[in-house]
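An overview of the molecular structure
Given next are the chains, with one letter for each unit.
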Amino acid sequence: MVRTCCVVGCNVRSYDRHGNKLGLSFYAFPTWKQHQGAQVSDVTKRRRRAWIAAVRRADIKFCSISRYHLVCSRHFHSGKPAYEMDQTNPDWVPTLHMGHSEIRTSHSDRHRRRTQRQQKKALVGGFHNGAAKCEGEASAEVTTEEQHHNNLVILAEGQICDGQVEAEVTGADAENGDLRERQTEDQRPTIDCVRCVQSRAEINRLLEENRKLKSLLDKTELNENFLQGDTEKVKYYTGLTCFAIFMSVLDNVKAFLPTSKKLSHFQMLLLTLKRLRLDLPVQHLSYLCTVSHKTLSSVFADTIDVLYARLGILVHWPERHCLQATMPPQFMETFGNQVAIIVDCFEIRTERPSNLKAHAQTYSHYKGTHTMKYLIGITPQGAISFISKGWGGRASDKHITEQCGILNKLLPGDVVLADRGFDIRDAVEMMCAEVKIPAFTRGFCQLDAKDIENTRAIAHLRIHVERVIGSLRKNFNMLHTTMPIRSLLPCEGEDVTFLDKIVRVCCVLVNMCPSVVVKPDTRETCSC
């Protein structure tokens, strides 16, 4: 496309008659930017008017300038227009070869001298308060120049960061411009002009607005500020009691967590605990963090693997002397210091397997659906000391107890508290231990007084394991949902399933919370 210059008498074309490019550039008239602030709007409006006045064509109006009206590079000192906010630059308006004598050629030396003086003041004098000229003086100069140059106004007003405002008319004589600059330097007023005051007020307003927006953003982003200082929020989203415990867990596992470009280690742990705690869908969490469903699923699985490997040892069987030293009084009164563990089972619903054998093994007649059953054991102090692998819902409590390995941890003389369904007396006695279960009423019209007292004492203490199971389910709603079949498959290179890892991690997190058996000292407060 052939472009032509719209300046009167120029008629320069981008290509010659033979189709060869002439090496000239063409620039459109500056636009009036009305939506980028008051200062930008004012400067761009005056620059557009100055270009129209410099070209002096009757068919070019402020509100109607064709996109084919272009100015070539011959009319600029540097071969191109200056930056729109650099109003002191001689190329802010085209001034060379304009086709009429009303516009005098600007001098580049004047712009260079002005720049040198400003740099010298910045190094020696520091900041200056006040303004170079107030609006009244600027208006008076504009009026004088309008009369002197036949109503042709090319006004450039700039605002310097040190509070100095200088106004000059582009296209004036170099001698008159230098004279006005010397008068500006010698007669600098001490009162800020209205434009400076308005600009400072606008800057302060924007800074305050920016500060408020940053504060709101910090409250919604998943970073340390999201939880720090808000214990209730920590309990709701993670199930832990305070922010210090959450950070201690993070410190222990962050070196082993995978690296991600979109999620930090803090966010990985927080999202994993939120999913365990609230059973939030993966798709919902992926929308919150603006990551893909696949990325979040892999992050959740990797974080569970790390928590299982690094913190799984916190579910451990304590030494006998540790148990006896901290035995609660209610156990001492009934069984002395011999109680080692209280056992029970709980079930988690699963999807219906398509395999017939798995279908039969996982169906629970007690729950009336397909489940995985886990045997859990707690110490008299209320800490979880044993959690088995998952068994099909059809397995009996006796079978799980005999096969899960808990009997190998018993020592001679230990006492085990269990429910009536745990018919494990023979297996426990093989380990020279004793099991205490409530008396059976089958075949008896009524229990004698001794059996009633023993049953009442056992039930009163055995209820603690059900309270721990209730706390486990309450703190982590994911254990209430129906688990997919893929979570029941053994992990690669391991003999445990992904569901086994989830259950053990939940037990570890419950052990980090206050015991439901031994009430904490009310005088103790969290340091965080």
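Residues numbered from 1 in each chain as written. Predicted model: local features only at pLDDT ≥ 70, side-chain atom pairs only at ≥ 80, totals over all residues. Heavy atoms only, no water.

What follows covers the overall build of the chain. For the chain, the count of helices and strands is 18 helices and eleven strands. The burial tally for the chain puts 44% of its 528 residues in the buried class. Relative to all contacts within the chain whose residues are 6 or more apart in sequence, the contacts with residues 24 or more apart total 60%. Accessible surface, the chain as shown: approximately 29500 Å² in total, 52% of it carbon and sulfur. (Helix = DSSP H or I, 4+ residues; strand = E, 2+ residues; numbered from the N terminus. Buried < 20%, exposed > 50% of the residue type's maximum accessible area, 1.4 Å probe, protein only. Contact = heavy atoms within 4.5 Å. Areas by Shrake-Rupley, 256 points an atom, 1.4 Å probe, with all protein chains shown as cover.)

Under the counting rule described, the total for this entry stands at 15 salt bridges. Note that Arg 320 and Asp 414 form a salt bridge whose closest N and O atoms lie 2.8 Å from each other. In this pair, Arg 320 sits in helix 12 (residues 320–325) while Asp 414 sits in the loop between helix 15 (397–403) and strand 10 (415–417), placing the two residues 94 residues apart along the sequence. Looking at Arg 320, the relative accessible area reads 28%, which means it is partly exposed. Residues Lys 501 and Glu 494 are paired through a salt bridge, measuring 2.7 Å at the closest nitrogen-oxygen approach. (Salt bridge = Lys/Arg side-chain N within 4 Å of Asp/Glu carboxyl O.)

Take the nonpolar core next. Grouped together as the largest cluster of nonpolar side chains are 74 residues, with contacts concentrated most on Phe 246, Leu 276, Phe 346 and Val 503. No other element matches the ten residues that helix 18 (residues 498–511) contributes to this core. Ignoring any residue separated from it by four or fewer positions in sequence, one finds Phe 246 in contact with Leu 227, Thr 238, Leu 240, Phe 266, Leu 269, Leu 270 and Leu 273. (Core = buried A, V, L, I, M, F, W, Y, C linked by side-chain atoms within 4.5 Å.)

Let's shift gears to the confidence of the model for the chain. Across the chain, the average pLDDT comes to 82, with 81% of residues at 70 or higher. Low confidence marks residues 127–175, where pLDDT is under 50. Its contacts with residues over four positions away, or in another chain, come to 109 contacts. (pLDDT = per-residue confidence, 0-100.)

The phi angle at Asp 279 is positive, at roughly 55°, despite the residue not being glycine. By secondary structure assignment, the location of Asp 279 is in the loop between helix 9 (265–278) and helix 10 (282–289). For Asp 279, a relative accessible area of 26% translates into the label partly exposed. Despite not being glycine, Cys 432 has its phi angle at roughly 60°, a positive value. When you line up the elements, Cys 432 lands in the loop between helix 16 (425–429) and strand 11 (434–436). Assessed through its relative accessible area of 53%, Cys 432 is described here as exposed.

A few words on helix 11 (residues 293–311). The end-to-end C-alpha distance of helix 11, which contains 19 residues, comes to 27 Å, matching closely the 27 Å that a straight helix rising 1.5 Å per residue would cover. Taken together, the buried positions of helix 11 are Leu 296, Val 299, Phe 300, Thr 303, Ile 304, Val 306, Leu 307 and Leu 311. For helix 11, the angular spread of the buried residues around the axis is 165°, confining them to a single face. Residues of helix 11 that are exposed and point over 90 degrees away from its buried face: Lys 294 and Ala 309. The inward-facing, buried residues of helix 11 abut helix 8 (243–253), helix 9, helix 10 and helix 18. (Expected span 1.5 Å × (residues − 1). Arc of directions from axis to C-beta.)

Okay, the packing of aromatic side chains next. One pass over the full model with this rule turns up ten aromatic pairs. With a centroid separation of 5.4 Å and 50° between ring planes, the pair formed by Phe 226 and Tyr 237 is classed as tilted. You can see Phe 226 sitting in helix 6 (residues 224–227) and its partner Tyr 237 sitting in helix 7 (residues 231–238), a full eleven residues away along the chain. Seen from the ring of Phe 62, Arg 49 lies directly overhead, with NZ or CZ sitting 5.5 Å from the centre. Positioned above the aromatic ring of Phe 300, the side-chain terminus of Arg 275 is 4.9 Å from the ring centre. (Phe/Tyr/Trp six-rings, centres within 6.5 Å; stacked < 30°, edge-to-face > 60°. Lys NZ or Arg CZ within 6 Å of the ring centre and 35° of its normal.)

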